[in-house]
Amino acid sequence: MPDLNLLIDGVERSVEVGTTASDLYAEQRDVVAVRVDGELRDLAVALDGVSAVEAVTIDSPDGLSILRHSAAHVLAQAVQQVNPDAKLGIGPPITDGFYYDFDVEEPFTPETLKALEKAMQRIIKEGQTFRRRVVSDDEARAELAAEPYKLELIGLKGSGADASAAAEGAGAEVGAGELTIYDNLRRDGATAWKDLCRGPHLPSTRLIGNGFSLMRSAAAYWRGSEKNPQLQRIYGTAWPTKDELVAYKERLAEAERRDHRKLGAEMDLFSFPEEVGSGLPVFHPKGATIRMEMEDYSRRRHIEAGYSFVNTPHITKAKLFQTSRHLDWYAEGMYPPMHLDEVRDADGEVTRAGQDYYLKPMNCPMHNLVFSARGRSYRELPLRLFEFGHVYRYEKSGVVHGLTRARGFTQDDAHIYTTREQMRDELASLLSFVLDLLKDYGLDDFYLELSTRDPEKSVGDEATWDEATRVLEEVATSSGLELVPDPGGAAFYGPKISVQAKDAIGRTWQLSTIQLDFFEPDLFELEYTASDGSRQRPVMIHRALFGSIERFFGVLLEHYAGAFPPWLAPVQVVAVPVAEPFNDYLADVVAQLRAAGVRAEVDTGDDRFNKKIRTATKDKVPFVLIAGGEDAEAGAVSFRYRDGTQRNGVPVPEAISLITDAIRQRVQV
RNA sequence: GCCGCCUUAGCUCAGUCGGCAGAGCGUCUCACUCGUAAUGAGAAGGUCCAGGGUUCGAUUCCCUGAGGCGGCUCCA
């Protein structure tokens, strides 16, 4: 009696009434769930009344999320096994893994994580099944009376609010439609554990197998607000196979090897002296050399693109940041003021009022003052003011992170003043300028993000925001790159496009930002004289390309894993004599290289030849030049590259032009 | 800022159940050293993050602070 007709993986078929998806895919072990009429469901779902069903395999994005979400449930079961007093928060899948939040008396330790992993292993081996059960709000409240956080989630859902908006990850618990509880059933049918959950889940815990691992514990605010209590979060990862787990851990290890903080110390590039202060880097000679090259090339390109260079102080009176509204909006992100010039008499009475000076967190107010230093004509626009401007932001102590989140850093900051008519063309050419320049530093995989207005945190009228947003969107779209929306991500004064770049190991970094600003020109009453003699207000574009030089330095350091292309490498050539008698021969070659502007050194130390090769290789020097008797007699040198390949007997003049060409063309070797 | 962990030689890390502090690498010295990733020997190097407390005695235990790490919140 084949009386159900439906599309199965796109093929029209007939099945008996009462057939479930797991009947359908009984032979396919990698199918862990199904999409019925577009909705993800457990394999146990009956197909009555269904018009289309598709398999969800464990290695698909949906399948991986289901695997990880089920692993989170197993973790929670394990935690409550070990500690029955632990209260459950939420436990969603995330990129590469999952987490689960718990309210517990004592935070988790690495030892408890190990014990929990063992407990999870036992649950997995039991082969528990996940059973979905629809409950009413009241039933759920009764069953979960001992779980205060779950009750709160039920309340949120009841209030009609979007649960996923109310708490990141909460959507995985209560979803939008009916409320469901998932029971974990032992093989004898007994309920081992249960959790409020939208599902779907794996058919059996066995599928989590050997591919999971608990990674770390940390505190996290309940429902993501620092006003709420902190729960203890356990992060884990889960993969369909052990091999994939191992590969994932290897990716993490590779990222750790490339960590710019580690490479920065190893390669003697920069440090954060405790005596200076948290988040305030100092650059050592080699690091400063890389910076210099980064900046010099950028300067040259900016000159070619018609920018004017300015220089402004690091510190200014409070008035300037009152005008710019920074003190209204970001005072807590700024270093506290220095109160200067106050005079008191013998009684301690103020006889001359002092005033507050602030370290600058942004350069734009200063650049506005350059604009308004004299009358401006439409003929000067677009006026592009550029500065490597050092700024200071008082980042919270817990967020400071190497060069990527520092308290003092240098923006490659430009402010472009245009007419409204010029704005669109200027933005389009600006975006291609930005992308071209980033490519020259070795990054070439980009996407764009469009950050739009946050009504809670913005100045100005909606119509102006709409216009600005529309123009940015058009420019971004016409670049042909992928455009990802970032609603509410804009600064208070205008929407922005940000360029996200992927590095050598696939991580994305937010680099350049291009920000439209219709409001600061008002605040500073900026004006130019138009062709008809009227006074007009310019539009302002904020633009940082590296974002911060320090941060971009860190990104490049990790991207290249320290092996910079020759033009950026702090030491471009190390000359290694085969034995001491050839020191002078190589000193002469190095002198010629230096005369050609190459950063070259001879290793005249006491180490033996092989050790010198090893040292140069570990220092990631792009060109190692070797000479012994053969080379010296032929007036030649031999190249050894970082990967161990050789090019022997190259005549010195040819070697020099080979090196200088590679530097000039900014190629990697 | 919040939670947890950490801070010992220039670097990476041992160690001391409270009793004069250790290794490898690096540095320095001497000898050795002619073809592509570690020659050997010796030496120097420490307020065991800082301040306070407990103790006959603190690098070790307790408190406070600084700095770092992993998250959370934040990131103009």
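Basis of the calculations
Residues numbered from 1 in each chain as written. Chains lettered and ligands numbered in written order. Predicted model: local features only at pLDDT ≥ 70, side-chain atom pairs only at ≥ 80, totals over all residues. Heavy atoms only, no water. UniProt positions renumbered as here; feature names shortened; annotations may be inferred. Helix = DSSP H or I, 4+ residues; strand = E, 2+ residues; numbered from the N terminus. Contact = heavy atoms within 4.5 Å. Areas by Shrake-Rupley, 256 points an atom, 1.4 Å probe, with all protein chains shown as cover. Lys, Arg positive; Asp, Glu negative; His and termini not counted. Charge placed at Lys NZ, Arg CZ, Asp CG, Glu CD. Pairing = 2+ DSSP bridges. Axes fitted to C-alpha atoms, helices over the stretch in contact; angles between N-to-C directions. Polar contact = N/O pair within 3.5 Å; in protein donor to acceptor, adjacent residues only side chain to side chain. Expected span 1.5 Å × (residues − 1). Near = heavy atom within 4 Å. Nonpolar A, V, L, I, M, F, W, Y, C, P; charged D, E, K, R; others polar. Left-handed = near helix turned anticlockwise from the far one by under 90°. Salt bridge = Lys/Arg side-chain N within 4 Å of Asp/Glu carboxyl O.

- Per an unreviewed UniProt entry, chain A goes by Threonine--tRNA ligase and derives from Occultella gossypii.
- Regarding chain A, the relevant UniProt record gives this comment under Sequence similarities (unreviewed entry): "Belongs to the class-II aminoacyl-tRNA synthetase family."
- The annotation that UniProt attaches to chain A under Subunit (unreviewed entry) is "Homodimer."

### A closer look at the overall build of chain A
Link 1 in the chain: Secondary structure summary: chain A contains 21 helices and 35 strands in total.
Link 2 in the chain: Taking the principal axes of its C-alpha atoms as reference, chain A extends roughly 90 × 75 × 65 Å.
Link 3 in the chain: Of the contacts made within chain A by residues no fewer than 6 positions apart, 66% connect residues no fewer than 24 positions apart.
Link 4 in the chain: For chain A, the computed accessible surface area is about 31200 Å², with 48% contributed by carbon and sulfur atoms.
Link 5 in the chain: Taking the 77 positively charged and 105 negatively charged side chains of chain A as two groups, their mean positions are separated by 2 Å.

### What to know about the sheet that holds strand β9 (residues 129–135)
Link 1 in the chain: An order of β9-β10-β11 is seen for the three strands of this open sheet, with the pairing classed as antiparallel. Only two strands of the sheet have a single neighbouring strand rather than two, namely β9 and β11 (191–196). Within the sheet, the average angular offset between the axes of one strand and its neighbour, ignoring direction, is 25 degrees.
Link 2 in the chain: Two elements, strand β10 (residues 179–185) and β11, share five bridges in a ladder whose sense is antiparallel. Counterpart to Asp183 in the pairing with β11 is Lys194.

### Let's talk about the side chain of Arg376
Link 1 in the chain: Tracing the backbone shows Arg376 in the loop between α13 (364–371) and β22 (383–392).
Link 2 in the chain: Side chain to side chain, Arg376 and Glu380 meet in a polar contact 2.8 Å long.
Link 3 in the chain: Among all residues touching Arg376, those that are not within four sequence positions of it are Val370, Phe371, Leu383, Glu527, Tyr528 and Thr529.

### Here's the deal with helix α10 (residues 285–304)
Because the α-helix completes a turn every 3.6 residues, residues three or four places apart line up on one side.
Link 1 in the chain: A rise of 1.5 Å per residue sets the reference length of α10, with its 20 residues, at 28 Å; its end C-alpha atoms lie 29 Å apart and thus fit the reference within 8%.
Link 2 in the chain: Just downstream of α10 lies Gly306, where phi reads positive at about 85 degrees.

### Quick word on the protein's contact with RNA strand B
Link 1 in the chain: Close to RNA strand B lie 53 residues, the nearest being Arg216, Tyr221, Gln230, Ser397 and Arg614.
Link 2 in the chain: Per the 4 Å cut-off to the protein, sugar and phosphate atoms form 52% of the nearby atoms of RNA strand B.
Link 3 in the chain: In this structure, a base oxygen belonging to RNA strand B sits 3.1 Å away from a main-chain N or O atom of Gly629.
Link 4 in the chain: In this structure, Arg640 approaches RNA strand B through a side-chain N or O atom, which is 2.8 Å from a sugar or linking oxygen.
Link 5 in the chain: Taken together, the elements giving at least two residues each to the surface near RNA strand B come down to β12 (212–221), β13 (230–238), α19 (609–618), α20 (629–634), β34 (636–640) and β35 (646–651).
Link 6 in the chain: At seven residues, α19 tops the list of elements feeding residues into the surface near RNA strand B.
Link 7 in the chain: Looking at side-chain class alone, the surface near RNA strand B contains 18 nonpolar, 18 polar and 17 charged residues.

### Things to note about the sheet that holds strand β5 (residues 52–57)
Link 1 in the chain: Pairing in this open sheet of five strands is mixed, and the strands run β2-β1-β5-β3-β4 from one edge to the other. This sheet does not close on itself; its edge strands, each paired only once, are β2 (11–15) and β4 (39–42). On average, adjacent strands in this sheet sit at an angle of 40 degrees to one another, irrespective of strand direction.
Link 2 in the chain: Across the sheet, helix α2 (residues 61–82) lies against β3 (31–36), β4 and β5, angled at about 65 degrees from β5, the strand it touches most.

### Comments concerning the packing of helix α14 (residues 420–440) against helix α15 (residues 462–478)
Link 1 in the chain: At a minimum axis distance of 9 Å, the contact between α14 and α15 shows a crossing angle of 40 degrees. The way α14 lies across α15 gives a crossing that is right-handed. For the pair α14 and α15, the contacting residues are Arg420, Met423, Arg424, Leu427, Ala428 and Leu431 in the first and Thr464, Glu467, Val471, Leu472, Glu474, Val475 and Ala476 in the second.
Link 2 in the chain: Partitioned by chemical class, the residues of the contact of α14 with α15 number eight nonpolar, one polar and four charged.

### Points about the UniProt feature "domain: Aminoacyl-transfer RNA synthetases class-II family profile" (unreviewed entry) in chain A
Link 1 in the chain: When the UniProt feature table is mapped onto this chain, "domain: Aminoacyl-transfer RNA synthetases class-II family profile" (unreviewed entry) is found at residues 243–565.
Link 2 in the chain: As annotated, residues 243–565 comprises 35% helix and 25% strand, and the C-alpha atoms at either end are separated by 34 Å.

### A few points about the pattern of salt bridges
Link 1 in the chain: Summed over the entire model, instances satisfying the criterion amount to 41 salt bridges.
Link 2 in the chain: Put simply, Arg344 and Glu342 hold a salt bridge, and the shortest N to O gap is 2.9 Å.
Link 3 in the chain: The closest approach of N and O atoms between Arg507 and Glu558, which form a salt bridge, is 3.0 Å. Pair noted here: Arg507 is in the loop between β26 (496–502) and β27 (508–517) and Glu558 is in helix α17 (residues 549–559), with a separation of 51 residues, a long-range link.
Link 4 in the chain: The structure contains a network of salt bridges with shared partners spanning Arg131, Arg133, Glu143, Asp183 and Lys194.

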